[in-house]
Amino acid sequence: MALNASTLDQLADHLENCQLKAQDTLKITESHPDMDWDDAYAIQDRILARKLARGARVVGYKAGLTSHAKMKQMGVTDPVFGFLVDEFVVPEGAEIKVSDLIHPKVEPEICFITRTELKGPGCHIGAVLAASDVVLPGIEVIDSRYRDFKFDLKSVVADNTSAARFVVGGRIAAARDLDLRTLGVVLEKNGQPVAMGAGAAVLGHPAAAVAMLVNHLGRRGQSLPAGSLVLSGGITEAVAVQAGDNVTLRIQNLGSVSVRFV
Ligand code: 0L1
Ligand code: MG
């Protein structure tokens, strides 16, 4: 690690305050260019610790930057992983206040709910499908704390991969009964299709993103607990939203889920 504990604490405080106050900031590698991957995940861990100390509950995890469309949009090459806590959950059809956020974007995702614990290393698509209870549509609302979404991967990891809100809903299905690669996905904004894709856009198979997450947790001495919700990553590029927008995600065989921005 390149940063000391007090710097990690100070950066975690700063990034979480930016999230809570909806204020943007410059990417933290500007002031800490030597920061390494362990530092980045240590800052993310400290943000989670702050939330847990205030009574938050971990509800799951997310994989980010898992599709070529997203990687191209953001100019990066590798997936990243973050945590999901109860404060990010939005009920299906509910409203999200844009003034609580900086510059939200929405992403269409396939969400997994696990039935049994998953452990890495060596986790693979088969293990994920065997351990998954159901899949369902999920809209992730990302809101990078970095000005104009300008960042590098380490800064994004420290910022909990831009996690801000998410809504899941629609129709649930057993993960093993569907070919998740060929499921068609349409994201609509105000009744108009704005992005389209298929499950295979996520690393060839959305379960591959969950396996990568489990192997990432395994390298850190952690596992994915039974009952976890996992957002497997945006199938298309992210779409900017503003107050007044209605967003609906339709996934073949999985129905639709909607959210409104006010
Ligand atoms: O969920 C995601 O793919 C977001 C990853 C972080 C980068 C971004 O803010 O787009
Ligand atoms: Mg996402």
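Conventions and cut-offs
- Residues numbered from 1 in each chain as written.
- Chains lettered and ligands numbered in written order.
- Predicted model: local features only at pLDDT ≥ 70, side-chain atom pairs only at ≥ 80, totals over all residues.
- Heavy atoms only, no water.
- Helix = DSSP H or I, 4+ residues; strand = E, 2+ residues; numbered from the N terminus.
- Rg over C-alpha atoms; globule rule 2.2 N^0.38 Å.
- Buried < 20%, exposed > 50% of the residue type's maximum accessible area, 1.4 Å probe, protein only.
- Contact = heavy atoms within 4.5 Å.
- Areas by Shrake-Rupley, 256 points an atom, 1.4 Å probe, with all protein chains shown as cover.
- UniProt positions renumbered as here; feature names shortened; annotations may be inferred.
- Polar contact = N/O pair within 3.5 Å; in protein donor to acceptor, adjacent residues only side chain to side chain.
- Near = heavy atom within 4 Å.
- 1 Å grid on protein atoms, 1.4 Å probe; cavity = no way out; pocket = protein on both sides within 12 Å on 5 of 7 lines; lining within 4 Å.
- Sits in = over half its atoms within 2 Å of the grid points.
- Nonpolar A, V, L, I, M, F, W, Y, C, P; charged D, E, K, R; others polar.
- Points joined across faces, edges and corners; volume = space filled by probe spheres on them.
- Core = buried A, V, L, I, M, F, W, Y, C linked by side-chain atoms within 4.5 Å.
- Pairing = 2+ DSSP bridges.
- Phe/Tyr/Trp six-rings, centres within 6.5 Å; stacked < 30°, edge-to-face > 60°.
- Lys NZ or Arg CZ within 6 Å of the ring centre and 35° of its normal.

With an unreviewed UniProt entry as reference, the chain is termed 2-oxo-3-hexenedioate decarboxylase, source organism Acidovorax carolinensis.

## A look at the overall build of the chain
Each helix and strand in the chain was counted, giving six helices and 13 strands. Here the chain has a C-alpha radius of gyration of 17 Å; the compact-globule value for 262 residues is 18 Å, and the two agree. Along the first, second and third principal axes, the C-alpha set of the chain runs to 50 × 45 × 35 Å. A burial count over the chain gives 55% of its 262 residues as buried. Expressed as a percentage of contacts within the chain between residues at least 6 apart in sequence, the contacts between residues at least 24 apart total 77%. Surface accessibility of the chain: about 10,700 Å² in total, with carbon and sulfur atoms responsible for 50%.

## Notes on the UniProt feature "domain: Fumarylacetoacetase-like C-terminal" (unreviewed entry) in the chain
Here, the residues flagged by UniProt with the feature "domain: Fumarylacetoacetase-like C-terminal" (unreviewed entry) are residues 79-261. Secondary structure content for residues 79-261 is 15% helix and 37% strand, while the C-alpha to C-alpha distance between its ends is 28 Å.

## Overview of the side chain of Thr248
Structurally, Thr248 is set in strand β12 (residues 246-251). A polar atom in the side chain of Thr248 sits 2.9 Å from the side chain of Ser258. Those residues in contact with Thr248, other than ones at most four positions away along the chain, are Val186, Leu187, Glu188, Ser256, Val257 and Ser258.

## Some words on the site of ligand 1
Among the 13 residues in the neighbourhood of ligand 1, the closest are listed as Lys62, Leu65, Lys70, Glu140 and Ser162. Take Lys62: an N or O atom from its side chain is 2.8 Å from an oxygen atom of ligand 1. At 2.9 Å from an oxygen atom of ligand 1 is found a side-chain nitrogen or oxygen belonging to Glu140. Counting atoms within 2 Å of the grid points, the majority share of ligand 1 lands in the largest cavity. Taken together, the residues of the shell around ligand 1 break down into six nonpolar, three polar and four charged.

## Structural notes on empty space enclosed by the protein
For the structure on display, the rule yields two cavities of 30 Å³ or more. By volume, the largest cavity amounts to about 120 Å³. Together, 16 residues line the largest cavity, and Leu65, Lys70, Ile142, Thr161 and Ser162 are the ones closest to its centre. At the level of secondary structure, the elements contributing two or more residues to the lining of the largest cavity comprise β1 (58-64), α3 (68-74), β4 (105-114) and β5 (132-142). Taken together, the residues of the lining of the largest cavity sort by class into eight nonpolar, three polar and five charged. Volume-wise, the second largest cavity comes out at about 50 Å³.

## What to know about the nonpolar core
Ranked by internal contacts, the top residues of the largest apolar core, which has 86 residues, are Ile43, Val106, Phe112, Leu224 and Phe261. A per-element tally of this core places helix α6 (residues 206-219) first, with seven residues.

## A look at the sheet that holds β12
Taken in spatial order, the five strands make up an open sheet running β3-β13-β12-β8-β9, and their pairing is mixed. Each edge of the open sheet is held by one strand with a lone partner, namely β3 (95-96) and β9 (192-198). One ladder, built from two bridges, connects β3 with strand β13 (residues 255-261); its direction is parallel. Bridged to Ile96 within β13 is Phe261.

## So, the packing of aromatic side chains
Per the stated rule, a full pass over the model turns up two aromatic pairs. Ring geometry for Phe83 against Phe88: centres 6.3 Å apart, planes inclined by 15 degrees, an arrangement best described as stacked. Phe83 gets classed as buried once you look at its relative accessible area, which sits at 2%. Geometry around Phe149 places Lys105 over its ring, the cationic atom sitting 4.0 Å from the centre.

## Some details on the layout of surface pockets
The volume enclosed by the largest pocket comes to roughly 350 Å³. Forming the walls of the largest pocket are 16 residues, and the residues nearest its centre are Trp37, Tyr41, Phe81, His216 and Arg219. For the lining of the largest pocket, the element with the most residues is helix α2 (residues 37-53), which contributes five residues.

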